[in-house]
Amino acid sequence: MGHSAGAQLAALVCVDDRYLKAEGVPFSVLKGCVPVDGDTYDVPAIIETAETRRRVHGQPQAKFGHREKFGNDPKKHIDYSAVTHVAKGKGIPPFLIIYVAEHPDNTAQAQRFGTVLKDAGVPVTLIGGKGTTHTKINADLGATDDEVSKALFDFVAALKK
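Residues numbered from 1 in each chain as written. Predicted model: local features only at pLDDT ≥ 70, side-chain atom pairs only at ≥ 80, totals over all residues. Heavy atoms only, no water.

Details of the pattern of salt bridges
Basically, it comes down to this: In the sections that follow, a salt bridge refers to a side-chain nitrogen of Lys or Arg positioned within 4 Å of a carboxyl oxygen of Asp or Glu. Buried residues are those whose accessible area, probed at 1.4 Å on protein chains only, stays under 20% of the maximum for their type, while exposed residues exceed 50% and partly exposed ones sit between those limits. Numbered from the N terminus, helices here are DSSP runs of H or I no shorter than four residues, and strands are runs of E no shorter than two.
Following the criterion strictly, the structure yields nine salt bridges and no others. Between Asp16 and Arg18 there is a salt bridge, with its nearest N and O atoms 2.5 Å apart. The exposure class assigned to Asp16 is buried, which follows from its relative accessible area of 3%. Accessibility expressed as a relative area gives 39% for Arg18, which makes it partly exposed. Put simply, Asp79 and Arg18 hold a salt bridge, and the shortest N to O gap is 2.8 Å. Here the residue Asp79 occupies a position in helix α5 (residues 74-79), and Arg18 occupies one in helix α2 (residues 18-22), the gap between them amounting to 61 residues.

Have a look at this one:
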């Protein structure tokens with residue numbers, strides 16, 4: 001489980017077995033994955049989205065945007081994208097993808113990643129938190145009256161069976 005950049009990292013570890021193999025840990029130890037409000041499951045897509053938005057609105061490109069964070073090597077952008085590493089039969093664990101429903105980029109990234117997982121036969125549930133923000137959705141996790149937390153508790157309970 002991870003939030004924001006941690007969501008991308010959690011997702012990547014749970015679909016690309018190279019990271020666990022490097023530590024001598026079998027991929028089979030993964031029981032589930034919960035990325036929370038990530039925007040980089042598909043790095044090339046978010047770079048293109050952000051840069052296009054700025055270009056069509058006549059705004060200068062960001063001085064520290066996704067391209068700067070991930071470098072300028074398109075091959076690395078693909079390698080750093082969780083969507084790239086999803087495939088049938090890899091033993092990818094079930095996913096609960098949590099995102100802020102009112103944030104278009106995070107919603108699009110969550111839906112794209114969810115579709116790729118579903119197409120590979122990986123159990124996946126997407127839940128868009130309504131009336132929340134990027135910071136608040138994470139801060140509210142665990143609250144008994146929170147809809148997203150209920151989905152998280154149900155997901156974890158199902159994994160324990």
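Focus: the state of the cysteines
Rules: In what follows, a disulfide is any cysteine sulfur pair within 2.5 Å.
Taken as a whole and assessed by the stated rule, the structure comprises zero disulfides. Not part of a disulfide, Cys14 finds its nearest cysteine sulfur in Cys33, a span of 3.3 Å. Judged by relative accessible area, Cys14 falls into the buried class, the value being 5%.

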